[in-house]
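A look at the structure
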Amino acid sequence: LALDRHGAGETCRAIGEKPPENVFSFDRMKRLFPNAKFIGIARDPRDVLTSAWHFFHQSHPRPDEVAAKTAFISSALPPLDNGARMMFAMTQRYPADCMIVTYEHMREAPLPVATQLFRFLGVAHHEANVAECVARSSFTALSGGRAPGVTQDGSFFRKGVSGDWHATFTPEMNAMILNALGWMFPRFGWTP
């Protein structure tokens, strides 16, 4: 029913649903919708954690910020690891129906990546259509006019950059993340 609301009254070639939890329910979705496709968007987990920290915790100052961040990271590592492993497993089970792109590549080359995604989904991918979609989904458009790098803590579109984790986490926190999730860095081309 939620998917049906997205296309109510319109003829749609594709309808998207974006909750991260979909990585765990794609097998069920595939049974309900045999033509379903999955696009996983991988992002350097340090930036994922930075974004989550600023979204959920920044407005609650703590006397021991290092301890709070360390506890937050520790609690988030298992689900991040599980989600990434599930994405890779799905590409093995459904190679024609699953695609993974990185946030960083989308930021660096939005038009080619969007074109590739549109082809994968089987929707119109002529240049003007792709360019319009990229413009409408840019950080500036979605954040209400802020340029990437202009921060608004608590916003779903907080900063729109890669590598911001350096300003949030200590080297020890980085080592903790790499110890748990470093296995995925070579696969996505991230620098430890």
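Being a predicted model, the structure only gives us computed values, none of them experimental. (Residues numbered from 1 in each chain as written. Predicted model: local features only at pLDDT ≥ 70, side-chain atom pairs only at ≥ 80, totals over all residues. Heavy atoms only, no water.)

**Points about the overall build of the protein chain**
Scanning the protein chain from N- to C-terminus turns up 10 helices and two strands. For the protein chain, the N- to C-terminal ordering of α and β elements is α-α-β-α-α-β-α-α-α-α-α-α. Taken over C-alpha atoms, the radius of gyration comes to 18 Å for the protein chain, in line with the 16 Å a tight globule of 192 residues would show. For the C-alpha atoms alone, the extent of the protein chain along its principal axes is close to 55 × 40 × 35 Å. Within the protein chain, buried positions represent 35% of all 192 residues. Sequence separation of 24 or more characterises 61% of the internal contacts of the protein chain that already satisfy a separation of 6 or more. In the protein chain, 20 positive and 18 negative side-chain charges are present, and the distance between their average locations comes to 4 Å. (Helix = DSSP H or I, 4+ residues; strand = E, 2+ residues; numbered from the N terminus. Rg over C-alpha atoms; globule rule 2.2 N^0.38 Å. Buried < 20%, exposed > 50% of the residue type's maximum accessible area, 1.4 Å probe, protein only. Contact = heavy atoms within 4.5 Å. Lys, Arg positive; Asp, Glu negative; His and termini not counted. Charge placed at Lys NZ, Arg CZ, Asp CG, Glu CD.)

**Topic: the confidence of the model for the protein chain**
Predicted coordinates in regions of low pLDDT should not be interpreted in detail. Looking at the protein chain, pLDDT values average 90 and 93% of them are 70 or higher. Predicted confidence in the protein chain is weakest over helix α1 (residues 2–6), with a mean pLDDT of 66, and strongest over helix α9 (residues 171–181), with 98. (pLDDT = per-residue confidence, 0-100.)

**Things to note about the pairing of strand β1 (residues 38–42)**
Covered by surrounding structure in β1 are Phe38, Gly40 and Ala42 only, the residues Ile39 and Ile41 on the alternate face being uncovered. When β1 meets strand β2 (residues 98–102), the two strands line up parallel, connected through five bridges. Looking at the pairing, alanine 42 lines up with threonine 102 of β2. (Pairing = 2+ DSSP bridges.)

**Notes on the environment of leucine 121**
Note on placement: leucine 121 falls in helix α6 (residues 110–121). For the pair leucine 121 and alanine 131, spaced 10 residues apart in sequence, the C-alpha to C-alpha distance is 16 Å. Dropping the residues within four chain positions of it, leucine 121 is found in contact with Lys37 and Ile39.

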